[in-house]
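Examining the three-dimensional arrangement
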Amino acid sequence: RRYGLWFRLRKLIIWLLGVYIAIPFLVKLCPAIQAKLVFLNFVRVPYFIDLKRPQDQGLNHTCNYYLQPEEDVTIGVWHTVPAALWKNARGKDQLWFEDALGSTHPVILYLHGNAGTRGGDHRVELYKVLSSLGYHVVTFDYRGWGDSIGSPSERGMTYDALHVFDWIKARSGDNPVYIWGHSLGTGVATNLVRRLCERETPPDALILESPFTNIREEARSHPFSIYRYFPGFDWFFLDPITTSGIKFANDENVKYISCSLLILHAEDDPVVPFHLGKKLYNIAATSRSFRDYKVQFVPFHTDLGYRHKYIYRSPELPRILREFLGKSEHERHH
């Protein structure tokens, strides 16, 4: 009996080892697998929410829109008005919400990370915090996420963000517009802001929450990467990402960005290591493009337990934003 158990165990170990060795070759032969692991757009959590009804998530002052950045691409958008407009917003239609962007309140365009949708729990909680602080919050699902139609790609995600930014600017008058990117959304955010700066229409500030330097360094540093020490890791796993046209080069983009920059990062982040956010800050802080603008890095101590997506819980966040964006406003007017 003991021999039979050992035989089965040995058979299982050999089988698992075979799968472990086969996966890198499978990824190398089919780069689309690695692209799906970067985007995780097929993971829709929470599963059973109706994205047409943001009020089901406690967002009673939010309107759901659909915009069309390109032919055959439709993206779902949520617009949450400042909490001060909550009573006025009840029962209003899309036109009222669009007109409200011209009220005397700043706007934050929020670019979420991979997996989930614009209705993700931690994202909804951040919208509530920002709304309570007096901001309009406009967020959306990139093509291929949530109920948005299209196939995901870095180029497509960036174009979607550009389309929504221009849509906001066409309605917000002289109100400040800030870009906020989280996790993979920081890659979209710096792509977008670099493009805006190159065409001389920069946002009023850029906020990066839990950012990395570039997607290769993030993949190499990811704590969940069980292949990190596998021989030829770069060739098997990182080169297919590049082959798929995925770079999200925050470290390159910040050299071409000219607006105020705020980086928020928790020291206990298990998804994007803290040292990558600090490294990105050091690159930005010494970049000539930021010489006339404020660049600030705010760490959150491990003991706070904010990890990758709970910085919105910080009681210090309202003060941090008020002080940073207040100074950005000063720069804007002088």
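Residues numbered from 1 in each chain as written. Predicted model: local features only at pLDDT ≥ 70, side-chain atom pairs only at ≥ 80, totals over all residues. Heavy atoms only, no water.

1. Section: the overall build of the chain
For the chain, the count of helices and strands is twelve helices and eight strands. Over its C-alpha atoms the chain spans a radius of gyration of 21 Å, differing by no more than 12% from the 20 Å that the globule rule assigns to 334 residues. Its C-alpha atoms give the chain principal-axis dimensions of roughly 75 × 45 × 45 Å. Per-residue burial over the chain gives 52% buried out of 334 residues. Sequence separation of 24 or more characterises 76% of the internal contacts of the chain that already satisfy a separation of 6 or more. On the chain, roughly 15900 Å² of surface is accessible, and the fraction owed to carbon and sulfur atoms is 57%. On the chain, the mean spot of the 40 positive side-chain charges and the mean spot of the 35 negative ones are 8 Å from each other. (Helix = DSSP H or I, 4+ residues; strand = E, 2+ residues; numbered from the N terminus. Rg over C-alpha atoms; globule rule 2.2 N^0.38 Å. Buried < 20%, exposed > 50% of the residue type's maximum accessible area, 1.4 Å probe, protein only. Contact = heavy atoms within 4.5 Å. Areas by Shrake-Rupley, 256 points an atom, 1.4 Å probe, with all protein chains shown as cover. Lys, Arg positive; Asp, Glu negative; His and termini not counted. Charge placed at Lys NZ, Arg CZ, Asp CG, Glu CD.)

2. Some remarks on the pattern of salt bridges
The full count for this structure, using the stated rule, is 14 salt bridges. Among the ionic pairs, Lys-128 bridges to Glu-125, the shortest N-O distance being 3.5 Å. With Lys-128 and Glu-125 both in helix α5 (residues 121–132) and three residues apart, the pair spans about one turn of that helix. Judged by its relative accessible area of 30%, Lys-128 falls in the partly exposed class. Residues joined in a network through salt bridges with shared partners are Glu-70, Arg-143, Arg-155 and Asp-160. (Salt bridge = Lys/Arg side-chain N within 4 Å of Asp/Glu carboxyl O.)

3. Thoughts on the state of the cysteines
Tallied over the full model, the rule gives zero disulfides. In this structure Cys-197 is not part of a disulfide, and its nearest cysteine sulfur, from Cys-259, lies 5.2 Å away. (Disulfide = S-S within 2.5 Å.)

4. Some words on the packing of aromatic side chains
Scanning the entire structure with this criterion turns up twelve aromatic pairs. Chaining the aromatic ring pairs together yields one cluster made of Phe-39, Phe-140, Tyr-142 and Trp-145. Its guanidinium or amino end placed over the ring of Tyr-256, Arg-194 lies 3.9 Å from that ring's centre, counting from NZ or CZ. Seen from the ring of Tyr-310, Arg-313 lies directly overhead, with NZ or CZ sitting 4.1 Å from the centre. (Phe/Tyr/Trp six-rings, centres within 6.5 Å; stacked < 30°, edge-to-face > 60°. Lys NZ or Arg CZ within 6 Å of the ring centre and 35° of its normal.)

5. Considerations on the UniProt feature "domain: AB hydrolase-1" (unreviewed entry) in the chain
The UniProt record annotates "domain: AB hydrolase-1" (unreviewed entry) at residues 106–211. Within the segment residues 106–211, helix and strand shares are 41% and 20% respectively, and the terminal C-alpha atoms sit 23 Å apart. (UniProt positions renumbered as here; feature names shortened; annotations may be inferred.)

6. Remarks on the domain arrangement of the chain
Here the domain parsing of the chain yields domain 1 (1–39 + 225–245) and domain 2 (43–224 + 246–325). The straight-line distance from the C-alpha centre of domain 1 to that of domain 2 is 33 Å. With both sides pooled, the region where domain 1 packs onto domain 2 buries about 1400 Å², and carbon together with sulfur makes up 57% of that total. If you look at where domain 1 meets domain 2, you find zero salt bridges. Linking domain 1 with domain 2 are two residue pairs in polar contact (both at pLDDT 80 or more). Elements that contribute at least two residues to the side of domain 1 that touches domain 2 include exactly α2 (31–39) and α9 (233–243). For the side of domain 1 that touches domain 2, the element with the highest residue contribution is α9, accounting for six residues. (Domains from an automatic or database assignment. Buried area = accessible area lost by both parts, 1.4 Å probe. Polar contact = N/O pair within 3.5 Å; in protein donor to acceptor, adjacent residues only side chain to side chain.)

7. Quick word on the pairing of strand β5 (residues 177–182)
Counting buried positions along β5 gives six out of six residues, so the element sits mostly inside the fold. Of the two faces of β5, the one carrying Val-177, Ile-179 and Gly-181 and the one carrying Tyr-178, Trp-180 and His-182 are both buried. The sheet contact formed by strand β3 (residues 107–111) and β5 spans five bridges and is parallel. For Leu-109, the partnering residue across the bridge sits in β5 and is Ile-179. Where β5 meets strand β6 (residues 205–209), five bridges bridge the pair, whose relative direction is parallel. Bridge assignment links Ile-179 to a residue of β6, and that residue is Leu-206. Viewed along the sheet, the connection from β5 through helix α7 (residues 184–198) into β6 turns out right-handed. (Pairing = 2+ DSSP bridges. Right-handed = clockwise from strand over helix to strand, strands pointing away.)

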